[in-house]
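Overview (structure and organization)
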Amino acid sequence: MVVAIDGPAGAGKSTVARLLAEKLNFTYLDSGAMYRAAAVALDSAGEGHLGQQAANLDIRLGERVLVGDRDVTDVIRTTEASEAASRIATVRSVRDALVERQRKLLAEGDWVAEGRDIGTVVCPGAELKVFLTASPEERARRRAGQLATDWRTVLRDQTLRDEQDSTREHSPLRAAVDAIEIDSTDRTVEDVVTQIAGLARTVRR
Ligand code: DC
């Protein structure tokens, strides 16, 4: 079974998806970490054949994120890597390479998969689709808390990334028609996780 959780940056997807996977005893897939790892690894590789290069990358997700032997766990969370990931995520051939990998993973077992296009492109047959949102200000405040920076600066960068993610030609961020929209603005993580776990159990029956 696949639970797809899509939505904009800072909506709480990662926290919710990780806790939900634990609660349901499913495996967690952070598809954004793949784009981030690809962006970091391809950064100095220059233009041209990016898709082929992305397809050849040995990206391993787990407690640590590795590209080959290189541990990129921390570097993929920097502001620079966020921007690079958002940029590289607009390249069709890179998306194709990473989507193929994600589909292979999701083909077997029980997953909570988080990203922007899980319910629309990667796994349109997901048994449960959630589109998690929160107000732009709240999302910026949450990110600023994690990064220990000013939330207005985060809001400015986030608005640019939101714009890039939702207006790109290939797989723009949008809710699947059959997704359940959940606004996490005034809700605790536990509350949201409990709601989705309840939905997952209903679907599974
Ligand atoms: O979820 P995140 O912030 O770690 O994602 C990093 C970037 O990767 C984000 O700008 C959008 C992109 N992304 C995507 O295009 N498709 C996904 N399934 C996941 C992430």
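Scroll up a little and you will see the structure.
A brief structural summary. (Residues numbered from 1 in each chain as written. Predicted model: local features only at pLDDT ≥ 70, side-chain atom pairs only at ≥ 80, totals over all residues. Heavy atoms only, no water.)

1. Quick notes on unusual backbone geometry
A positive phi is found at N25, a non-glycine position, where the angle reads about 65 degrees. By secondary structure assignment, the location of N25 is in the loop between α1 (13-24) and β2 (27-30). Using a relative accessible area of 69% as the deciding quantity, one classes N25 as exposed. A positive phi angle is found at S171, which is not glycine, with a value near 50 degrees. (Helix = DSSP H or I, 4+ residues; strand = E, 2+ residues; numbered from the N terminus. Buried < 20%, exposed > 50% of the residue type's maximum accessible area, 1.4 Å probe, protein only.)

2. Topic: the packing of helix α7 (residues 136-147) against helix α8 (residues 151-167)
α8 packs onto α7 with a crossing angle of 115 degrees between their chain directions and a minimal axis gap of 8 Å. When the axes of α7 and α8 are compared, the crossing they make is right-handed. Mapping the contact onto sequence places P136, E137, R139, A140, R141, R143 and A144 in α7 and W151, V154, L155, Q158, R161 and D162 in α8. Within the contact of α7 with α8, the residues separate by chemical class into six nonpolar, one polar and six charged. (Axes fitted to C-alpha atoms, helices over the stretch in contact; angles between N-to-C directions. Left-handed = near helix turned anticlockwise from the far one by under 90°. Contact = heavy atoms within 4.5 Å. Nonpolar A, V, L, I, M, F, W, Y, C, P; charged D, E, K, R; others polar.)

3. Some thoughts on α7
The terminal C-alpha atoms of α7 lie 16 Å apart, and with 12 residues this matches the ideal 16 Å at 1.5 Å per residue to within 8%. Within α7, burial applies to R139, A140 and A144. Angular distribution of buried residues about the axis of α7 spans 135 degrees; they occupy a single face of the element. Exposed and facing more than 90 degrees away from the buried side of α7 are G145 and Q146. (Expected span 1.5 Å × (residues − 1). Arc of directions from axis to C-beta.)

4. Focus on the pattern of salt bridges
By the definition in use, this model includes 17 salt bridges. Shared partners join several salt bridges into a network, and the residues in it are R64, D71 and D74. (Salt bridge = Lys/Arg side-chain N within 4 Å of Asp/Glu carboxyl O.)

5. Looking at the nonpolar core
Among the nonpolar cores identified, the biggest contains 35 residues, and I59 and L106 are the most heavily contacted of them. Sorting the residues of this core by element identifies β1 (2-6), α2 (31-42), α3 (50-56), α4 (79-88), α5 (92-106), β6 (111-115) and α6 (118-122) as the ones contributing at least two each. Ranked by residue count, the leading element in this core is α2, at eight residues. Apart from residues lying up to four places away in sequence, L106 is in contact with V2, L29, W111, A113, V122 and C123. Of all hydrophobic cores here, the second largest spans 20 residues; its members include V3, A21, L132 and I196. (Core = buried A, V, L, I, M, F, W, Y, C linked by side-chain atoms within 4.5 Å.)

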